[in-house]
Amino acid sequence: MNMPMPHGFQPAETVGREAFRDAMASLGAAVSIVTTDGPHGRAGFTASAVCSVTDTPPTLLVCLNRSSSAFPAIAANGVLCVNTLTHEHEALSAVFGGKVPAEQRFSAGSWSRLVTGAPALDDAAVSFDCRVASMSDVGTHRVLFAEVLAIRHSPAASGLVYFGRRYHPLHHGA
Ligand SMILES: NC(=O)c1ccc[n+]([C@@H]2O[C@H](COP(=O)([O-])OP(=O)(O)OC[C@H]3O[C@@H](n4cnc5c(N)ncnc54)[C@H](O)[C@@H]3O)[C@@H](O)[C@H]2O)c1
Ligand SMILES: Cc1cc2c(cc1C)N(C[C@H](O)[C@H](O)[C@H](O)COP(=O)(O)O)c1[nH]c(=O)[nH]c(=O)c1N2
């Protein structure tokens, strides 16, 4: 029996990349800069595909395009730091989102180290210093499951959300 399609519904087999991206533009997401450093070099990229997985053990997931300049270093070093941005970091997000060559990115921002040696952004809302516990490839991306070894937190900091293909500041109590 043919059921009527609800308004706006598209069967899965007809959803292409552009339709998926248009739909994803309706999801607001926090913006982070994910970094690494170690024997395989320093690298970083802007990420919105970051999610809490479990608190036992404390674990984040990060989805990284395997064609990204940061991919070889992050995959081989096996450590990463998720630095979640504030409303003051819009320009820094663009730097690590492809606007600046990879080797020049860290001259923007002030960086230190926590436990793993991956660069932690000094004025981030929060930094999660992690070791990569496991990973899995899905399509173009690698899903990194990252166990959190150390946290540096600025509870009063504002936030930065990417929604509708642009940045939006978030403020406490607003
Ligand atoms: N998860 C990702 O890999 C991801 C997320 C956001 C943006 N980007 C990249 O940043 C640039 C600007 O993005 P935009 O948001 O202004 O416009 P866009 O139309 O390229 O993307 C819209 C939304 O679709 C999703 N998306 C985009 N590319 C994706 C990919 N390759 N795999 C999975 N999801 C993806 C994201 O949620 C993104 O916000 C593009 O080159 C885009 O590919 C990648
Ligand atoms: C707001 C926003 C959010 C994301 C991105 C971009 C921007 C602007 N990019 C793309 C990623 O940052 C970009 O591909 C690289 O930094 C630029 O590629 P190269 O480092 O030059 O190869 C991105 N890439 C990825 O693999 N996973 C992600 O979650 C995101 N999220």
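What you see is a predicted model, and the numbers here were worked out from it, not measured in a lab.

The rules behind each value
Residues numbered from 1 in each chain as written. Chains lettered and ligands numbered in written order. Predicted model: local features only at pLDDT ≥ 70, side-chain atom pairs only at ≥ 80, totals over all residues. Near = placed C-beta within 6 Å. Helix = DSSP H or I, 4+ residues; strand = E, 2+ residues; numbered from the N terminus. Nonpolar A, V, L, I, M, F, W, Y, C, P; charged D, E, K, R; others polar. Pairing = 2+ DSSP bridges. Buried ≥ 20, exposed ≤ 12 C-beta atoms within 10 Å, placed from the backbone.

Draft legend 1. Region of interest: the site of ligand 2. Close contacts around ligand 2 come from 18 residues, with Ala49, Asn65, Ser69, Gly97 and Gly98 the closest. Elements with a contribution of two residues or more to the shell around ligand 2: strand S3 (43-47), strand S5 (58-65) and helix H3 (90-99). Tallying contributions element by element places H3 first for the shell around ligand 2, with four residues. Tallied by class, the residues present in the shell around ligand 2 amount to ten nonpolar, eight polar and no charged.

Draft legend 2. Just the pairing of strand S10 (residues 141-153), in detail. Two strands pair when backbone bridges link them, and S5 and S10 are joined in this way by seven bridges, in the antiparallel orientation. Opposite Asn65, over in S10, you have His141 as the bridge partner. Between strand S9 (residues 126-138) and S10, which follow one another and run antiparallel, lie two residues, and Gly139 among them has a positive phi close to 55 degrees.

Draft legend 3. Inspection of unusual backbone geometry at higher detail. Of note, the amide linkage connecting Thr56 to Pro57 takes the cis form, showing an omega dihedral of -5 degrees. Locating Pro57 in the fold gives a position in the loop between strand S4 (50-55) and S5. The backbone of Arg165 shows a phi angle near 65 degrees, a positive value even though the residue is not glycine. By the secondary structure assignment, Arg165 is in the loop between strand S11 (159-163) and strand S12 (166-170).

Draft legend 4. Expanded view of the pairing of strand S2 (residues 32-36). Here S2 lies mainly inside the structure; five of its five residues are buried. Of the two faces of S2, the one holding Ser32, Val34 and Thr36 and the one holding Ile33 and Thr35 are both buried throughout. Summarising the sheet, S2 and S3 pair through five bridges and their orientation is antiparallel. The partner of Val34 across the bridge, within S3, is Phe45. With antiparallel pairing between neighbouring strands as the criterion, S2 and S3 make up a hairpin whose turn holds six residues, including Gly38 at a positive phi of roughly 155 degrees. As paired strands, S2 and strand S6 (residues 79-84) are joined by four bridges and run antiparallel to one another. By the bridge assignment, Ser32 is partnered in S6 with Thr84.

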